[in-house]
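Examination of the molecular architecture
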Amino acid sequence: MCIRDRYKDLGFYGSPNKSNVFLMPTDKCLVNLTETPYFILALEDVEIAHFERVHYRLKNFDFTFVFKDYNKSVVRINAIPTEYLEKIKSWLDTVDILFFEGSKNLNWTDLLAHIRKKPESFIKDGGWRILQENDDEDEENEDELADDDSEFQAEDDEDGDSDISDDPD
């Protein structure tokens, strides 16, 4: 197996099994061959990738691969440091894998069971666009949380000192 130089700087740490290992992307697969159990994910079998727990307050995120064969369980890589997010997205772009991101982990077992049960309805409803819609809802919820935080405003008391108040009036 030859790891091309163009992907050399795209390696990242994550936990595909129980231990945190260095994962190396290539143009055909994602691998860890330095520690057992070895991890090899062939990209030709992957339909989409989904970044989970992506939030500016978190230091790590999870990364899920969904296979073209919906009967296979997804592959999840946990606890990837946020600093690698943009590098991984860049790699996915170069290997033409569609990806989405969200602030929550999804229940892939139920989602894939629903798709297997009603594939026509999944396609009719826009396919994987449901993940994009969930991303939009997550952003709206984050905006609402930010608005809620703005209700806590500093007020000057009689001495000119600021007091924090949770009363917006």
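Presented here is a report on the structure given in the accompanying data block. Remember, predicted model here, so these are calculated numbers, not experimental data. Along each chain, residue indices are assigned from 1 in the same order as the chain's sequence is written. Only residues with pLDDT of at least 70 get local features here, since the model is predicted, and only at 80 or more are side-chain atom pairs given and counted; chain-wide, interface and lining totals rely on the full set of residues. With hydrogens and water set aside, each side-chain value is computed from the structure's full complement of heavy atoms.

As for the overall build of the protein chain
Only runs of H or I of at least four residues qualify as helices and only runs of E of at least two qualify as strands under DSSP, and these elements are numbered from the N terminus. A tally of helices and strands in the protein chain yields 4 helices and 10 strands. Starting at the N terminus, the α and β elements of the protein chain follow one another as β-β-β-β-β-β-β-α-β-α-α-α-β-β. Exposure categories follow from relative accessible area, calculated using a 1.4 Å probe and restricted to protein chains: below 20% of the type maximum is buried, above 50% is exposed, and the middle band is partly exposed. By the burial criterion, 36% of the 169 residues in the protein chain qualify as buried. Residue contacts are defined here by distance: any two heavy atoms, one from each residue, within 4.5 Å place the two residues in contact. Sequence separation of 24 or more characterises 46% of the internal contacts of the protein chain that already satisfy a separation of 6 or more. Accessible surface, the protein chain as shown: approximately 10900 Å² in total, 46% of it carbon and sulfur. Only the protein chains shown count as covering a residue, and every accessible area follows the Shrake-Rupley method with a 1.4 Å probe.

Points about helix α1 (residues 85–94)
Within α1, burial applies to Leu85, Ile88, Lys89, Trp91 and Leu92. Projection of α1 onto a plane perpendicular to its axis shows the buried side chains occupying an angular sector of 160°, all on one side. Downstream of α1 by a residue or two, Asp96 has a phi angle that is positive, lying close to 60°. Throughout, the arc means that of the directions going from the helix axis to the C-beta atoms.

Considering the packing of aromatic side chains
Working definition: rings of Phe, Tyr and Trp (its six-membered ring) pair if their centres are within 6.5 Å, and the pair is stacked with planes under 30 degrees apart, edge-to-face with planes over 60 apart, and tilted otherwise. Inspection of every chain in the model, using the stated rule, returns 10 aromatic pairs. Summarising the aromatic geometry, the rings of Tyr13 and Phe22 are spaced 5.1 Å apart at their centres and angled 65° between planes, so their arrangement reads as edge-to-face. For Phe22, a relative accessible area of 33% translates into the label partly exposed. Between Tyr70 and Phe122, the aromatic rings sit 6.3 Å apart at their centres with planes inclined by 80°, giving edge-to-face as the arrangement. Of this pair, Tyr70 sits in the loop between β6 (60–67) and β7 (75–81) while Phe122 sits in helix α3 (residues 119–124), and the two are 52 residues apart along the sequence. Here Tyr70 and Phe122 have matching classes, each one buried. Aromatic rings pair up to connect Phe51, Phe61, Phe63, Phe65 and Phe99 into one cluster.

Nothing here speaks to function; it is all geometry.
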